[in-house]
Amino acid sequence: MEIRDKDGFAYEAGFSGQRAVTTWTGRMRKLRDLGFITTKPGTSGEFQYVILLNPLTVIKELYEGKEKDERYNALVGRMQEVGAKWE
């Protein structure tokens, strides 16, 4: 997706007030650092171009080789209920 209006995206993401864009930018950086999105800068800033990755694949990779906690187990349980599979 292409983001040209940071203020609009921050508002649509539920952030308001003077720190809306700052908070939104911090969350976007965290999503990028965790591997949920890939980004490229443009004339509109650091997050002009964003690719959303499959969150199930990202979570699987984040937990690879690590002990599974209750959040991971809850996700796997829900996936089984709805018939979702790791891609």
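As the structure is a computational prediction, the values presented were derived from the model and not from experiment.

Q: Would you mind going over the pattern of salt bridges with me for this structure?
A: Two side chains that carry opposite charge are able to pair once their charged atoms sit near each other. Enumeration over the complete set of coordinates arrives at five salt bridges. Salt-bridge contacts for Glu 2 lead to Arg 4; the nearest nitrogen and oxygen are separated by 3.0 Å. Under the relative-accessibility criterion, Arg 4 is labelled exposed at 61%. One salt bridge in this structure joins Glu 46 and Arg 32, with 3.1 Å as the shortest N-O distance. Of this pair, Glu 46 sits in strand 2 (residues 45–52) while Arg 32 sits in helix 2 (residues 20–34), and the two are 14 residues apart along the sequence. Judged by its relative accessible area of 28%, Glu 46 is partly exposed. A residue is classified by how much of its surface remains accessible, and Arg 32, at 28% relative accessible area, is partly exposed. Residues joined in a network through salt bridges with shared partners are Arg 29, Arg 32 and Glu 46.

Conventions used here
Residues numbered from 1 in each chain as written. Predicted model: local features only at pLDDT ≥ 70, side-chain atom pairs only at ≥ 80, totals over all residues. Heavy atoms only, no water. Salt bridge = Lys/Arg side-chain N within 4 Å of Asp/Glu carboxyl O. Buried < 20%, exposed > 50% of the residue type's maximum accessible area, 1.4 Å probe, protein only. Helix = DSSP H or I, 4+ residues; strand = E, 2+ residues; numbered from the N terminus.

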